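Notes for the structure review
Now for the letters of each chain:
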Amino acid sequence: MTQSEFSEDDLRWMGRALELAEHAASLDEVPVGAVLVRDGAIIGEGWNAPISTHDASHHAEIAAIRHACHQVQNYRLPNTTLYVTLEPCTMCFGALIHARIARVVYAAKEPRAGVLESQLQLPDASFYNHRLDVRGGLCADESAVLLQQFFQARRSSKSASSH
């Protein structure tokens, strides 16, 4: 999708997700941020933190869902939109389905492990009892730059420390 196919609200919420991705990078975590919105308000947000939390499941999407579930005191989150800076993986897709998230807007594609469109196209599978509305590409360049800078810096520090 092109930027013009998204609303001003979509752009604002993705902007917040990008801020959270920058926060993750500041913690030496892969820069991914997520915001969960219902009725024009944030009900949950999170960032990648599997390294610092010693928790392989601590992806931005999972953190945002956990935060929102706690906020609304329900494990189901109907009528919500998740804004995330990187196309979700298999684990996160499962959480989106179980939480009954209505819509997912993501920034950059994840060509290796993205399952919304890049690899498995899981939202198109007929065996799920819930359907997600998926929109990709909002602020894709900004997210991709954050990720590229993070991994370039990581490679540079590893090569510097090996000399």
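Residues numbered from 1 in each chain as written. Predicted model: local features only at pLDDT ≥ 70, side-chain atom pairs only at ≥ 80, totals over all residues. Heavy atoms only, no water.

As for the layout of surface pockets
Left-over empty space is what a probe sized like a water molecule reveals as it rolls over the atoms. Reported here for the largest pocket is a volume of approximately 550 Å³. Examining the composition of the lining of the largest pocket, we find that four residues originate from one element, helix α5 (residues 140-161), more than from any other. Looking at the lining of the largest pocket, its residues break down into 13 nonpolar, three polar and six charged. (1 Å grid on protein atoms, 1.4 Å probe; cavity = no way out; pocket = protein on both sides within 12 Å on 5 of 7 lines; lining within 4 Å. Points joined across faces, edges and corners; volume = space filled by probe spheres on them. Helix = DSSP H or I, 4+ residues; strand = E, 2+ residues; numbered from the N terminus. Nonpolar A, V, L, I, M, F, W, Y, C, P; charged D, E, K, R; others polar.)

Notes on the sheet that holds strand β1 (residues 33-38)
Ordered in space as β2-β1-β3-β4-β5, the five strands form an open sheet in which the pairing is mixed. Strand pairing shows two members of the sheet lacking a second neighbour, β2 (41-47) and β5 (133-136), which therefore form its edges. Taking each pair of neighbouring strands and ignoring which way they run, the sheet shows an average axis angle of 15°. Here β1 runs beside β2; their pairing, made up of six bridges, is antiparallel. Considered in β2, the bridge of Val35 is made with Glu45. Packed on one face of the sheet, helix α1 (residues 8-26) meets β1, β2, β3 (81-86) and β4 (103-108) and runs near 145° to β1. (Pairing = 2+ DSSP bridges. Axes fitted to C-alpha atoms, helices over the stretch in contact; angles between N-to-C directions. Contact = heavy atoms within 4.5 Å.)

Re the pattern of salt bridges
As enumerated under the stated definition, the model contains seven salt bridges in all. For the salt bridge of Arg103 with Asp10, the shortest nitrogen-to-oxygen distance reads 3.0 Å. Highlighted residues: Arg103 in strand β4 and Asp10 in helix α1, separated in sequence by 93 residues. Taking the relative accessible area as the measure of exposure, Asp10 reaches 4% and is therefore buried. With its nearest N and O atoms 3.2 Å apart, the salt bridge here joins Arg135 to Asp133. (Salt bridge = Lys/Arg side-chain N within 4 Å of Asp/Glu carboxyl O. Buried < 20%, exposed > 50% of the residue type's maximum accessible area, 1.4 Å probe, protein only.)

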